[in-house]
Amino acid sequence: MKIIDKHLDLLSHLSNLMEHVDDADIFIQKVVDTVRESGFEYTSIKLLQPIHDELNVAYSSGLSEDQEKLFSYKLGEGITGEVASLGQEISLYNTDKDGRFLDKLKLATGASYSFYCFPIKLESSVVGVLNSLGNQG
């Protein structure tokens with residue numbers, strides 16, 4: 001199994017687990033840390049702020065606090081906003097080849113990166129997204 005497939009399986013599994021958690025803060029931080037340890041350089045969980053239809057970083061690994069503040073998306077904006085709107089995961093094996101990958105923080109420059117984005121659902125409604133970016137080359 002390729003490393004990309006293993007990462008994809010890990011993220012999908014963690015995203016599904018988040019739907020059934022009681023102690024969310026501790027679990028979510030562990031998820032972010034686990035994904036980081038598996039080889040992803042940047043991982044974040046963005047939660048939907050329904051009043052503004054905006055996704056903001058709630059937890060991250062590899063991002064500074066200043067970067068977290070700049071890393072928000074409107075529903076439908078880029079891949080992150082699309083996943084939140086549609087409720088379906090999107091995986092890119094090369095971020096350079098897809099115009100939907102906005103790279104607001106310029107994290108994926110100069111190398112081949114993979115990007116995975118999964119919806120986080122609560123009772124079938126999307127409440128956020130889990131996404132990870134990793135250098136694959």
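Residues numbered from 1 in each chain as written. Predicted model: local features only at pLDDT ≥ 70, side-chain atom pairs only at ≥ 80, totals over all residues. Heavy atoms only, no water.

A. Here's a closer look at the side chain of Thr95. With respect to the helices and strands, the residue Thr95 is situated in the loop between β4 (90–92) and β5 (113–122). Not counting the four nearest positions on each side in its chain, Thr95 is found in contact with Phe101, Ala108, Tyr113, Ser114, Phe115 and Leu133. (Helix = DSSP H or I, 4+ residues; strand = E, 2+ residues; numbered from the N terminus. Contact = heavy atoms within 4.5 Å.)

B. Region of interest: the nonpolar core. Grouped together as the largest cluster of nonpolar side chains are 20 residues, with contacts concentrated most on Phe71, Ile79, Val83, Phe101, Phe115, Cys117 and Leu133. For this core, the secondary-structure elements that each account for two or more residues are β2 (54–61), α4 (78–86), β4, β5 and β6 (125–135). What Val83 contacts, discounting residues up to four positions off in sequence, is Gln88, Glu89, Ile90, Cys117, Phe118, Pro119 and Val129. Grouped together as the second largest cluster of nonpolar side chains are six residues, Ile28, Val32, Ile45 and Ile120 included. (Core = buried A, V, L, I, M, F, W, Y, C linked by side-chain atoms within 4.5 Å. Buried < 20%, exposed > 50% of the residue type's maximum accessible area, 1.4 Å probe, protein only.)

C. Here's a closer look at empty space enclosed by the protein. Counted by the stated rule, this structure contains one cavity of 30 Å³ or more. Reported here for the largest cavity is a volume of approximately 160 Å³. Lining of the largest cavity is provided by 18 residues; of these, Phe71, Tyr73, Phe101, Phe115 and Asn131 occupy positions nearest its centre. Listed by contribution, the elements that provide at least two residues to the lining of the largest cavity are β1 (42–49), α4 and β6. (1 Å grid on protein atoms, 1.4 Å probe; cavity = no way out; pocket = protein on both sides within 12 Å on 5 of 7 lines; lining within 4 Å. Points joined across faces, edges and corners; volume = space filled by probe spheres on them.)

Read these as spatial facts, not as claims about activity.
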